[in-house]
Amino acid sequence: PGALALGRMLVGALTLTAILTVVRARRRSPGPPLPRGRLLAAVVIWGAAWFGVYNLALNAAERHLDAGTTALLVNVAPVVVAVLAGLLLGEGFPARLLAGMAVAFAGVVLIAAASSAGGADLSGVLLGLLAALVYAGAAVAQKRLLPRVDALTMTWTGAVAGAVALLPFLPSLVAALATAPPTAVAGVVYLGVFPTGVAFLTWGYALTRTTAG
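Described below are features of the structure shown in this document. (Residues numbered from 1 in each chain as written. Predicted model: local features only at pLDDT ≥ 70, side-chain atom pairs only at ≥ 80, totals over all residues. Heavy atoms only, no water.)

## With respect to a nonpolar patch on the surface
Keep this limit in mind: Grouping into patches uses exposed residues only, defined as over 30% relative accessible area, and leaves out salt-bridged ones; the cut-off is 9 Å for like charges and 5 Å for nonpolar side chains (Val, Leu, Ile, Met, Phe, Trp, Tyr). Accessible surface is estimated by sampling points in the Shrake-Rupley manner with a 1.4 Å probe; for residues, cover comes only from the protein chains shown. By salt bridge we mean one thing: a side-chain nitrogen of Lys or Arg within 4 Å of a carboxyl oxygen of Asp or Glu. Segments assigned H or I by DSSP are reported as helices when at least four residues long, segments assigned E as strands when at least two residues long, and all are numbered from the N terminus.
Together, Leu10, Val164, Leu167, Leu170 and Val174 make up a nonpolar patch on the protein surface, roughly 390 Å² of accessible area in all. Mapped onto the elements, Leu167 comes out in the loop between α7 (151-165) and α8 (170-179).

## As for the side chain of Gln142
Quick note on the threshold: Throughout, a residue-residue contact means that at least one pair of heavy atoms, one from each residue, lies within 4.5 Å.
Along the polypeptide, Gln142 turns up in helix α6 (residues 122-145). Once you skip the residues sitting within four places of it in the chain, Gln142 turns out to touch Trp46, Trp50, Met154, Trp203, Gly204 and Leu207.

## A short note on the environment of Val185
Within the secondary structure, Val185 sits in helix α9 (residues 182-209). Considering only alpha carbons, one finds Val185 and Leu126, 59 residues apart in sequence, at a separation of 28 Å.

## So, the packing of α6 against α9
What counts, and what does not: For helices, the fitted axis covers only the stretch in contact; all axes are lines through C-alpha atoms, and the angles between them, taken along N-to-C directions, range from 0 to 180 degrees. Roughly parallel covers angles under 35 degrees, roughly antiparallel covers those over 145, roughly perpendicular covers 65 to 115, and oblique covers all other angles. Crossings are assigned a handedness: left-handed for a near helix turned anticlockwise from the far helix by less than a right angle, right-handed for a clockwise turn.
Running from N to C, α6 and α9 cross one another at 60°; their axes reach a closest spacing of 9 Å. Relative to α9, the element α6 is oriented oblique. The chirality of how α6 crosses α9 is right-handed. Judged by residue contacts, Ala139, Gln142 and Lys143 of α6 engage Trp203, Gly204, Leu207 and Thr208 from α9.

## Here's the deal with the packing of aromatic side chains
Worth spelling out the cut-off: Note on aromatic contacts: the rings of Phe and Tyr and the six-membered ring of Trp form a pair at centre separations within 6.5 Å, being stacked when their planes are under 30 degrees apart, edge-to-face when over 60 apart, and tilted otherwise. Whether a residue is buried, partly exposed or exposed follows from its accessible area with a 1.4 Å probe, protein chains only, as a fraction of its type maximum: under 20%, in between, or over 50%, in that order. Lysine NZ or arginine CZ positioned within 6 Å of the ring centre and within 35 degrees of the ring normal marks a charge as sitting over the ring.
One pass over the structure, following the stated rule, counts seven aromatic pairs. Seen from their ring centres, Trp46 and Phe51 are 5.7 Å apart, and the 85° between their planes marks the pair as edge-to-face. Phe51 gets classed as buried once you look at its relative accessible area, which sits at 0%. Arranged with centres 5.1 Å apart and planes meeting at 55°, the rings of Trp50 and Tyr54 form a pair that is tilted. Taken as a pair, Trp50 and Tyr54 lie in helix α2 (residues 37-61) at a separation of four residues, close to a single helical turn. You'll find Trp50 and Tyr54 in the same group, each marked buried. Site record: aromatic cluster; members linked through ring pairs are Trp46, Trp50, Phe51, Tyr54, Tyr135 and Phe200. The ring of Tyr205 carries the charged tip of Arg209 above its face, separated from the ring centre by 3.6 Å.

What follows is the structure, encoded as structure tokens:
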């Protein structure tokens, strides 16, 4: 789990570095400055939790549970996000939001029921719930921080912080890469480029322009 999380985040951080470089080159400007002081500390902690702890807990959960069951547990997070956003960000609980949450979660239940292999390991369930809680907390914290940091800068800084937080797993990553088949390495690269670099950047862009719920 640690090696996979670190490999994914190293690729993700490199992907976001490339995007940041291209964007700044096209603007012909250094772009927005990096956050400083307490704001930088908040973004670093957010990144270490979102990109580090979340990925580690998710990977560890999938050592005990099938993907469908893990997805069901982790997708409790959007419901928690909506509740926290309503309570802490003043977004309220509009009827459309509640209906959307119900429909979305019902869809996840259907996917889990169709793909679950049956059985549930308690440690896997707890790790899946931990991932969901970190996911929810990080989403709400990001919404609070985005008015002071642009989405690209925040996502890049957070990804680098997450990769640094996972560096203790570097020896296991090196050992795993020495024996991993090409398909596994390609899978790690895919996870770093698309579900990490591209997805979290577009998530930040969307979160800047709409409510967390």
